[in-house]
Amino acid sequence: MLNLTFVWKRSCSVGGCDLISNVVSPDVRMLSAPSEVSMESVDMRHVLKWRPLQAPCNTTVLYSVQFQGEFELLVLNGRWVDAPECQQTRHTHCDLTFDLGSDSDYNLHVRAQCGSTLSPWTDLSPPFNRRDTVLTVPEMAVTAVGYDLQVSFNKLPHPAVISVTVLKKGDEQQVRVYFTSSLVVFVQASIYMLPAEQTMLHVAALQEGAEYCVRAQTVLNSQLYSSSTATQCVFITGPDAAWKRPTTVTVTVIIMAGLLFAVFWSVVHCRPNTCQTYFHKEPLPRPLQSDWDVQIHISPEEVELCEPIHVVPSADSSD
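The rules behind the values
Residues numbered from 1 in each chain as written. Predicted model: local features only at pLDDT ≥ 70, side-chain atom pairs only at ≥ 80, totals over all residues. Heavy atoms only, no water. Helix = DSSP H or I, 4+ residues; strand = E, 2+ residues; numbered from the N terminus. Contact = heavy atoms within 4.5 Å. Core = buried A, V, L, I, M, F, W, Y, C linked by side-chain atoms within 4.5 Å. Buried < 20%, exposed > 50% of the residue type's maximum accessible area, 1.4 Å probe, protein only. Salt bridge = Lys/Arg side-chain N within 4 Å of Asp/Glu carboxyl O. Pairing = 2+ DSSP bridges. Axes fitted to C-alpha atoms, helices over the stretch in contact; angles between N-to-C directions. Polar contact = N/O pair within 3.5 Å; in protein donor to acceptor, adjacent residues only side chain to side chain.

> With reference to specific residues and values, describe the overall build of the protein.
Along the protein, the regular secondary structure elements total 5 helices and 20 strands. Excluding contacts between residues fewer than 6 apart, the proportion of contacts in the protein whose partners are at least 24 apart in sequence is 56%.

> Tell me about the nonpolar core, and please be specific about residues and values.
Ranked by internal contacts, the top residues of the largest apolar core, which has 22 residues, are Leu48, Val65, Leu96 and Leu108. Of all the secondary-structure elements, those providing two or more residues to this core are strand S3 (35-42), strand S4 (45-51), strand S5 (62-68) and strand S8 (107-114). A per-element tally of this core places S8 first, with 4 residues. Other than its neighbours up to four places away in sequence, leucine 48 contacts Val37, Ser38, Met39, Val65, Thr92, His93, Cys94, Leu96, Leu108 and Leu124. Among the nonpolar cores identified, the runner-up in size contains 17 residues, and Met140, Val166, Val203 and Ala210 belong to it.

> Account for the pattern of salt bridges, with residues named and values stated.
Scanning the model with the defined rule gives 4 salt bridges in all. For arginine 51, the salt bridge goes to glutamate 36, with nearest N and O atoms at 3.6 Å. You can see arginine 51 sitting in strand S4 and its partner glutamate 36 sitting in strand S3, a full 15 residues away along the chain. Among the residues examined, glutamate 36 registers a relative accessible area of 56% and is labelled exposed. A salt bridge links lysine 49 to glutamate 40; the nearest nitrogen and oxygen atoms lie 3.2 Å apart. For glutamate 40, a relative accessible area of 40% gives the class partly exposed.

> Report on the sheet that holds S3, specifying residues and quantitative values.
Spatially, the 3 strands line up as an open sheet ordered S3-S4-S7, and their pairing is antiparallel. Where the open sheet ends on each side, the last strands, each with one partner, are S3 and strand S7 (93-95). On average, each strand axis in the sheet is inclined to that of its neighbour by 15°, with strand direction left out of account. In the sheet, S4 pairs with S7 via 3 bridges, with the strands oriented antiparallel. Paired with lysine 49 across the strands is histidine 93, a residue of S7.

> Quick rundown of the pairing of strand S13 (residues 161-168)? Include the residues and the values.
Here is the key point about a regular strand: its side chains alternate between the two faces of the sheet. Within S13, 6 of the 8 residues are buried, leaving the element largely enclosed by the surrounding structure. Note that S13 and strand S18 (residues 211-220) share 8 bridges and pair antiparallel. When the bridges of S18 are listed, threonine 165 appears paired with arginine 215.

> Help me get a handle on the environment of aspartate 82, residues and values and all.
Inspection of the secondary structure assignment puts aspartate 82 in strand S6 (residues 81-82). Residue aspartate 82 is classed as partly exposed on the basis of its relative accessible area, which comes to 40%. C-alpha of aspartate 82 to C-alpha of phenylalanine 67: the two residues are 15 residues apart in sequence and 6.6 Å apart in space. Filtering out sequence-adjacent residues up to four positions away, aspartate 82 remains in contact with Val65, Gln66, Phe67 and Gln87. A distance of 2.6 Å separates a polar atom in the side chain of aspartate 82 from a polar atom in the side chain of glutamine 66.

Right under this line is the structure:
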């Protein structure tokens, strides 16, 4: 059922005063507006957040979000546009990543709804610009494949750029690479075109045996930079390294197994005479031998105590 609220106002002029009625449908005066509206923007992902409504409501509280950018102000005569994914939602957050598609300032506001009752709009202050996003350190992995270097990234925020620095250890010459979803530019070398979904950089024809170090950072509009990644260094081992290492490990294991088998076979099949030849028993040193001449000295008092006692039978026992 729709609630209608009539608001009467007195309008006075020279000829007198009249009562003017205004109809407000539905009533926006009975529900408090959302509070603590803020924007959380990390790696070009923009999420509007607000505090849940504290007013009592017999039904589920729903929220709606609108935005107004430069296009809406200049072309659409200041029109507010509904965020498609955030109309009458139960959540207290709204992902506006795909709605805020330009670098202009955006006005944003949110309101609550309890049944048919709407709250006033609460504006985000100040307006939001996606250039204010926070860039995190990119996730990078560096591997050496033959004479080449492969640098891969887990995720790239659009339309940010990843600046990759490749440095040969011990050499002051640096090669700076700008990697986007569409191209890679070697300022001192060549230009490589990559598809939008590719997140791997391939550096070819490097020096074998040399150590190359790589670090990267995210750049947005040449003005906003993330922190650099930890420097990762790898050796260029050449194309033969793929079989050298497993071959070396295999040969080492075979040799050790052969030596252990030879020792075990010799111990099991060793004849007594042959074993005595290889395993000669050395005599014990003189101090460790047990044929010692041990003499115990007894004092005269102890000798007297130890004299034998002779028992003489009595005359009665003879009878």
